[in-house]
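Listed below are the residues making up each chain.
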Amino acid sequence: MPSPVTPLRRALALAVGLLAAAGAAADLAVAVRSAQGEPVADAVVALVPLDRPAPPPAGAAGEIVQQHEEFTTYVTVVQAGTRVVFPNRDTVQHHVYSLSKAKRFELPLYNPGQAESFVFDVSGTVTLGCNIHDWMLAYLVVVPTPHFAKTDAQGAAQVAAPAGRYRLELWHPRLGAAVTQEVALTGAAPLTREFSLTLKPDRRIRRGGAGKSGGY
Ligand SMILES: [Cu+2]
């Protein structure tokens, strides 16, 4: 008996719509592809409020782990003002550093078991490297908002934020400059945006090549 279901579904849909209009989170859904049509993972999408100040960071620390002579996360996103911990879970020393304007630091003679941390106050991209292992490369993207997400392997990401006007910022390691546009979340329906990005070549060094040959 499928016929009674339809009015019920309509009522549910109406209720959801009313809830959304009453000020519940209004989602943004993005799909990011390369110019060749391939899904793009690790793109950062952030919504910076234009009508009000961004709420302060919730307080949870970020984490970027060194393990198996790699940074375990290639792209990490945090809100400005967030502490980020850098645990060395390897059995070897690292020398983690950043020369980026948003945060310059280094952790020389960084031993297994150490877990130093820094607060990242300035918005921008922090490029992380290791002076011992040339192939180690990761990015910490510091954004001035708690409303952000990172695309998955399918190139998809969802951001929850209250209704209002925002500057949408889209960043990727292989993008020359961040893409920005103004968007408005109405709360009535999720907003969807598709991006096609022209990407630069991947800068990552493949392990087992130059690293082991003594070429450096
Ligand atoms: Cu290292």
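Look up a bit, the structure's there.
Calculation notes
Residues numbered from 1 in each chain as written. Predicted model: local features only at pLDDT ≥ 70, side-chain atom pairs only at ≥ 80, totals over all residues. Helix = DSSP H or I, 4+ residues; strand = E, 2+ residues; numbered from the N terminus. Contact = placed C-beta atoms within 7 Å. Core = buried A, V, L, I, M, F, W, Y, C linked by C-beta atoms within 7 Å. Buried ≥ 20, exposed ≤ 12 C-beta atoms within 10 Å, placed from the backbone. Domains from an automatic or database assignment. Pairing = 2+ DSSP bridges. Axes fitted to C-alpha atoms, helices over the stretch in contact; angles between N-to-C directions.

Participant: Describe the overall build of the protein, listing the residues and the values that go with them.
Facilitator: From N to C terminus, the protein includes two helices and 17 strands. Long-range pairs, those at least 24 residues apart, make up 65% of the contacts in the protein between residues at least 6 apart in sequence.

Participant: Tell me what's going on with the nonpolar core, and back it up with residues and numbers.
Facilitator: Counting 39 residues, the largest nonpolar core has V44, V45, L128, L140, V141, F148 and V159 as its most contacted members. Ranked by the residues each element gives to this core, the list is headed by strand β12 (residues 137-143), at six residues. Looking at which domains feed residues into this core, each of domain 1 (24-54 + 145-202) and domain 2 (57-144) gives three or more. Residues within four places of V141 in sequence aside, it is in contact with V44, V75, V77, T125 and W171.

Participant: Describe the sheet that holds strand β3 (residues 62-63), naming the residues involved and giving the relevant values.
Facilitator: Strand order across the open sheet formed by three strands is β3-β7-β10, with mixed pairing between neighbours. Only two strands of the sheet have a single partner each, and these edge strands are β3 and β10 (115-120). Judged from the six bridges that link them, strand β7 (residues 82-87) and β10 form a sheet pairing that is antiparallel. Looking across to β10, one finds that V84 is bridged to F118.

Participant: Give me the lowdown on unusual backbone geometry, citing residues and values where you can.
Facilitator: Of note, the phi angle at H68 is positive, near 55 degrees, even though the residue is not glycine. Within the element layout of this structure, H68 appears in the loop between β4 (66-67) and β5 (70-71). Here E69, not a glycine, exhibits a phi torsion of approximately 55 degrees, which is positive. Inspection of the secondary structure puts E69 in the loop between β4 and β5.

Participant: Can you tell me about the environment of V32, naming the residues and giving the values?
Facilitator: Position of V32 among the secondary structure elements: in strand β1 (residues 26-34). Exposure remark for V32: the 27 C-beta atoms within 10 Å place this residue in the buried category. Along the sequence, V32 and V45 sit 13 residues apart, while their C-alpha atoms lie 9.9 Å from each other. When near neighbours in sequence (up to four residues on either side) are disregarded, V32 contacts V40, A43, T151, G155, F195 and L197.

Participant: Account for the sheet that holds strand β15 (residues 164-171), naming residues and giving values.
Facilitator: For sheets, the rule is that strands pair by backbone hydrogen bonds, running either parallel or antiparallel. Strands sit in the order β13-β2-β15-β16 across an open sheet of four strands; the sheet is antiparallel. Each having just a single partner strand, β13 (148-150) and β16 (179-185) make up the two edges of the open sheet. Within the sheet, the average angular offset between the axes of one strand and its neighbour, ignoring direction, is 20 degrees. Bridge count between strand β2 (residues 44-49) and β13: three bridges; the pairing is antiparallel. Following the sheet pairing, A46 is matched in β13 by F148.

Participant: Account for the pairing of strand β8 (residues 94-100), with residues named and values stated.
Facilitator: In terms of strand pairing, β8 meets strand β9 (residues 103-110) through six bridges, oriented antiparallel. Each bridged residue has a counterpart across the sheet, and for V96 the counterpart in β9 is L107. The turn joining β8 and β9, which pair antiparallel and follow one another in sequence, is formed by two residues. Bridge count between β8 and strand β11 (residues 124-130): three bridges; the pairing is antiparallel. Across the sheet, the residue bridging to S98 is L128, located in β11.

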